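# Residue-level structural notes
Here are the chains, one letter per residue:
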Amino acid sequence: MLLKLAWKNIWRNRRRTLITISAIGFAVLFAVMMRSVNQGVEEQMVKTSVENRLGYIQIHTQGYWEEKAIDNAMFADDIPMQKIENLHNVASIAPALEVGMIVSFKNNSRGTFMSGIDLNAEPPQLVKNALIAGNFPDINKNEVLLGIELADFIDAEIGDTLVYLGVGYHGASAAGLYVVSGLLDFHMPELNRLSSYVGLSNLQELMQAPGILTSININLNQPKKLLETQTAIQKEMTNEYEVMTWKELLPDLEQLIQTSIAKGYIMNIILYLIISFVMFGTVLMATQERKYEMGVLQAIGMKRRKAMALVVIENVIISIFGVIVGALGAFPIMYYFHTNPLEITGEQAAQIQEMGIDPVIPFSIDPMILVNHGLVVLFISILLILYPIMIIRKLKPVEAMKL
Amino acid sequence: MKTIIKIAWRNVWRNRLRSGVVFGSVVIGIWAGLFVVAMSQGMLAQQKRGMLESQISNIQIHADSYLADPKLENCIPPNELANIETVIASAPEVKHFVKRSITMGTGTTASGFSNLKIMGIDPEKEKETTTISERLLSGSYFTTFKNKPVLIGRELADELNLEVGKSLNLSFQNINGEFVQAGFKVEGIFATPSLQYDKSNLFILQSDFMELVEADAEMIHEYAIVIDDLEKSTAVSESINQKINGAKAQDWAEIAPDISYMDEASELGQNIILVIIVFALAFGIVNTMLMAVLERKRELGMLLCIGMNKTSVFLMIMIETICLSVIAAPIGLMLAWGTITYFGIVGINLESVGDALYKAGIDSMVFTAIDPWAYVTITIFILIASIIAAIVPARKALKYNPAEAVRAV
Amino acid sequence: MSVIKTENLVKTYTQGDYTIHAVDDVSLEIQKGEFTVICGPSGSGKTTLLNIIGGLDEPTSGKVTIHGQEITQLKGNQLIDFRLQNIGFVFQAYNLIPVLTAKENVGFVMLLQGRPEAERNARTEELLKAVGLEKEMKKKPTQMSGGQQQRVAVARALASRPQFILADEPTANLDSASTENLLDIMAKMNEEEGITFVFSTHDQRVIDRAKRVITVEDGKILKDEHFKK
């Protein structure tokens, strides 16, 4: 009975219902937008540093991460590659070999990280995009791709022959002559200063250890399910290997993101203050408007408890409705700014690009944002029902019915 | 007009609950706007100050050739050094300055290697000019080890598995282009706000530097200068440039464009949030005033009946909102000023809000700080937004048909 | 010249499939100094007629001429200004400006007309005295009884020196003592100063006092009787 009356009341005063729904809907919208921008930027930071370079999860031999020596590396044949690749949530799996060496040309020498790329497969996106001059190494030749700052420093150009010196597996000497076949600009100073890329099998031979790998980099379909996937991979591996997530690999990035989250959290609290106030204002006005009606209901014999129940039911329905409307309204906007991110233009754009980030502000379309903030708004709006209940408690029908 | 204002003013006081809501929205709006700006500016200023104080200083001087190619041989011409120092010392704005010898080299331990910028410094002068000496996480500042001490950054220590007292092998070229190698003892580990800096920069004694590169004359690559007012950096560097030869002074913005980029990026982020706040606030005002206008339908209809024209009715409703906003503004301002000042001294601990795993350091504390002009601009911004928000309900009142409105209950 | 003249006034509303003739071909003239009641049951169309005469509602066809001005030609603010200068309104629910005192309420219309302050003050006091409220001048509507509020409304309606006063059910919310008191005041003004009053009502006490009673039913004039008082 009450439910029916509540439902009818909602429809009877459509104007008030609409205003209240819009207040709640906009509350959801604003809260979602704010989080969506912040999270979008955070996701982008992770994506640029993680997805293209390290992978979300890496497998190493125990001890390699502490001491990145070639003797702490592993061999491809010992790893159940196929099993890992078939795991749920694993998007791609890439064997990697990266060794520190000294590169010399003429009188100049410099430290470099020499990385192996599988020349039989599609080259990694990161390297492909960075290639600004020359070609990928020929699989049958000793050829190398060089970061542009490193090339500048040692004064090398395409076609020059460089000397690479390092320590191979089990102390074997590793020395080789490589011809520069191309130059790489990653838009990231650190990579430009340190990178050399050669064919993977070529580098394994140089190390005098065919099949040797320093890590296996794994990308995920759903980066959020990081820990579950880590556990699943660890199960496939023996204790000789450790499985690390990007959060452990890049604690600085994790720290940066946590700072951003904490800052965003405070911003959201401030926004919620305003939102609560707006919603309270709406509830307040709606309640004042209904005093007369409530007076009449009590005069004709409706018990207070029932009147309260009526108001609670009405408001809960309106709140749920408002939250749904807000979430439905927010999603297309999030989606729009996700696919058409705000662009940073001018001089700043070039500088951001130099830091290896796209000069755009993308929005996140993580559905959990809608759920979380929808629930917070729903909670606030249900909490605010206390106000009309308080009013009904104190209501005297005769006074309420006076105009 | 006077009477319209009077009626509007009394209407404000008639329904205090409603007025309270609009009033409160504006107060909170102004407070929130200012506080958000103060938080971002505070974070930014802290980072910027940290970077300038620990690494960049306000002005740096390098040889022209060094700017094109930072190599050992590209030092400031020795015969110019005396003149440059006189010029710097005679500038009234200059508070402190320091000279450094710099070369690129490689640091090696059993755990790996890293390409590094090796700076030879005079510890006493350096202490006056930069805050590196105060930023030691462990160890001491050139007091413990007599034989080839080195200060390294936290990131480098992590990467190369170094601790105070352990040794680090440095190799670089001497003036003849031959490689020299020497073992240094880690004297202290510092941390600046920039992880990148901490990873690739280290300090040794200038005397050790000169000895290892086998220089016969003093080789200086860099002067770092601190002046009394950051804002004068460009002017002072320009005036220095007019008096020196063979070297160039640059202000901090030129040396580290990423810091000025930080400025802009943070402003952009802060503006997006401001816009969201202003929209939320304006929406609240539209909502409340709209209800007010709907509730007073009969009264407004009567005014139209007895001959008040539409412009006056519109103005009356606008003035009600304006009155509320104008009273709310100073209160919001005071609230903002109070909280910004308070958190500017005490700080907000981000650690207490996020469940973050912070490393020890200053980064988890935010001290609010704000450009005084922001008080003016943001208040005006919010006031304009609230007045624009009042237009929607006021226009609604104009659409009333007086005959119907006057009978509405 | 008549103060109010309507010619073939028609007002129809459509509601779903029905067309309601709220005012159906009404032509009437009211002369200066008349004390006229338009009466009829609820829904007879008397309020619609009164609204059209008062320039608050537009007729579907026909015209209304007030003091020689055809008001059906006027638009928006012109019409509002015409009402301000020519018509005084008294409403069933008093409809005073709640935040102004009795004196300010009466003065308000003159202020809208742009009369000088001295004239406003003099006339306000004179009018409030005439309705017997010289002691309540500083009170706000919420501090007065219904009868007192309606007397302020009458004083307000008179303040602009209108051609006539339209009173829509002015006594509906009043007790009999207040009704008598209010009617006495209005009758006296009509007698002594020749002010024209047009009422819509179904209150017998008002009808008894009228010099002319126009009975309306289903939008048409049923009877138009003149009485000598």
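Treat the numbers as computed from the prediction; the structure is a model and nothing was measured.

Next up on the list: the overall build of chain A. When helices and strands are tallied, chain A shows 15 helices and 14 strands. Relative to the compact-globule value of 22 Å for 403 residues, chain A shows a C-alpha radius of gyration of 31 Å, a clear excess of over 25%. Seen along its three principal axes, the alpha-carbon backbone of chain A occupies a region of about 100 × 50 × 30 Å. Pairs at least 24 residues apart make up 81% of the contacts formed inside chain A by residues separated by at least 6 positions.

On to the interface of chain C and chain B. Tallying the contact residues gives 19 residues for chain C and 18 residues for chain B. Elements with a minimum of two residues in the side of chain C that touches chain B: helix H2 (76–86) and helix H3 (102–113) of chain C. When residues of the side of chain C that touches chain B are assigned to their parent elements, the largest contribution, 5 residues, is made by H2 of chain C. Partitioned by chemical class, the residues of the side of chain C that touches chain B number 13 nonpolar, 3 polar and 3 charged.

The partner chain B presents 48 residues to the 42 residues of chain A that form the contact. Of all elements in the fold, only helix H2 (14–54), strand S4 (108–117), helix H10 (251–299) and helix H12 (347–354) of chain A reach the threshold of two or more residues within the side of chain A that touches chain B. At 23 residues, the largest contribution of residues to the side of chain A that touches chain B is made by H10 of chain A.

All names here are of chain C. Read from one edge of the open sheet, 6 strands run S6-S7-S8-S3-S9-S10, paired in mixed fashion. Each edge of the open sheet carries a strand with a single partner, namely strand S6 (87–90) and strand S10 (220–226). Taken pair by pair, the neighbouring strands of this sheet meet at an average axis angle of 15°, ignoring direction. Taken together, the 6 bridges between strand S9 (residues 212–217) and S10 define a ladder with antiparallel strand orientation. Following the sheet pairing, arginine 212 is matched in S10 by histidine 226.

The next subject is the packing of H10 of chain A against helix H2 (residues 16–56) of chain B. Their axes nearest at 10 Å, the elements H10 of chain A and H2 of chain B cross at an angle of 175°. It follows that H10 of chain A is roughly antiparallel to H2 of chain B by the angle criterion. Where H10 of chain A abuts H2 of chain B, its residues Ile266, Met267, Ile270, Leu273, Ile274, Phe277, Val278, Gly281, Leu284, Met285 and Gln288 of chain A lie against Leu17, Arg18, Val21, Gly24, Ser25, Ile28, Gly29, Ala32, Phe35, Val36 and Met39 of chain B. Residues that form the contact of H10 of chain A with H2 of chain B fall into these classes: 16 nonpolar, 5 polar and 1 charged.

A word on the sheet that holds strand S4 (residues 61–66) of chain C. All names here are of chain C. Sheet architecture is open: 4 strands sit in the order S2-S1-S4-S5, paired in antiparallel fashion. Looking along the sheet, the strands with just one partner apiece sit at the ends: strand S2 (18–30) and strand S5 (69–70). Alignment of strand S1 (residues 4–15) against S4, held across 5 bridges, turns out to be antiparallel. Paired with glutamate 7 across the bridge in S4 is lysine 63.

Now for the arrangement of the chains. Of all 2 pairs of chains in contact, the one with the most contacts involves chains A and B. Looking at chain A next to chain C, you find no contact at all, with the nearest C-alpha pair sitting 11 Å apart.

The next point concerns the confidence of the model for chain A. Of the residues in chain A, 95% reach a pLDDT of 70 or more, and the chain-wide mean stands at 85. When pLDDT is averaged over each helix and strand of chain A, the minimum, 64, is found for H12 of chain A and the maximum, 94, for strand S6 (residues 143–147) of chain A.

Attention now moves to the nonpolar core. Among the nonpolar cores identified, the biggest contains 170 residues, and Ala27, Phe30 and Leu271 of chain A together with Ile277 of chain B are the most heavily contacted of them. The residues contacting alanine 27 of chain A, other than those within four sequence positions of it, are Ile275, Val278, Met279, Gly326 and Val377 of chain A. The next biggest cluster of nonpolar side chains, apart from the first, holds 53 residues, and it includes Ala156, Leu184, Met207 and Ala209 of chain A.

Residues and elements named next belong to chain C. A rise of 1.5 Å per residue sets the reference length of helix H4 (residues 117–130), with its 14 residues, at 20 Å; its end C-alpha atoms lie 20 Å apart and thus fit the reference within 8%. What H4 keeps buried is the set Thr124, Leu127 and Leu128. Seen end-on, H4 carries its buried residues on one side only, within an arc spanning 95°. Within H4, the exposed residues directed more than 90 degrees away from the buried face are Ala118, Glu119 and Ala122. On the buried face of H4, the contacting elements are H3 and helix H5 (146–159). Remark: glycine 132 follows H4 within two positions and exhibits a positive phi of approximately 75°.

Turning next to the environment of isoleucine 71 of chain C. All names here are of chain C. Tracing the chain through its elements places isoleucine 71 in the loop between S5 and H2. Between the alpha carbons of isoleucine 71 and isoleucine 52 there is a distance of 9.5 Å; along the sequence they are 19 residues apart. When sequence neighbours within four positions are dropped, the list of residues in contact with isoleucine 71 reads Gly55, Val64, Ile66, Leu79 and Phe82.

The rules behind the values
Starting from 1, residues in each chain are numbered consecutively following that chain's sequence as written. In the order they appear in the text, chains get letters beginning with A and ligands get numbers beginning with 1. Reporting in this predicted model follows two pLDDT cut-offs: at least 70 for local features of residues, and 80 or more for side-chain atom pairs to be given and counted; totals over whole chains, interfaces and linings ignore these cut-offs and use all residues. Segments assigned H or I by DSSP are reported as helices when at least four residues long, segments assigned E as strands when at least two residues long, and all are numbered from the N terminus. With the radius of gyration taken over C-alpha atoms, the globule rule is written as 2.2 Å times the number of residues to the power 0.38. Whether two residues are in contact is decided by their C-beta atoms, placed from the backbone, lying within 7 Å. Nonpolar residues are Ala, Val, Leu, Ile, Met, Phe, Trp, Tyr, Cys and Pro. Charged residues are Asp, Glu, Lys and Arg, and all others, Gly as well, are polar. Any two strands with at least two DSSP bridges between them are considered paired. Axis definition: a line fit to C-alpha positions, over the contact stretch in the case of helices; interaxial angles, taken between N-to-C directions, run 0 to 180 degrees. Should an angle fall under 35 degrees it is taken as roughly parallel, and over 145 as roughly antiparallel, whereas 65 to 115 is taken as roughly perpendicular and any remaining angle as oblique. pLDDT expresses how confident the predictor is about each individual residue, on a scale running from 0 to 100. We define the nonpolar core as any set of buried residues of the types Ala, Val, Leu, Ile, Met, Phe, Trp, Tyr and Cys, connected via C-beta atoms lying within 7 Å of each other. Each residue is classified by how many other C-beta atoms fall within 10 Å of its C-beta atom, where C-beta atoms are placed from the backbone; a count of 20 or more means buried, 12 or fewer means exposed, and values in between mean partly exposed. In a helix, the anticipated span is given by 1.5 Å times the number of residues less one. Working definition: the arc comes from the directions between the helix axis and the C-beta atoms, pointing outward to the latter.

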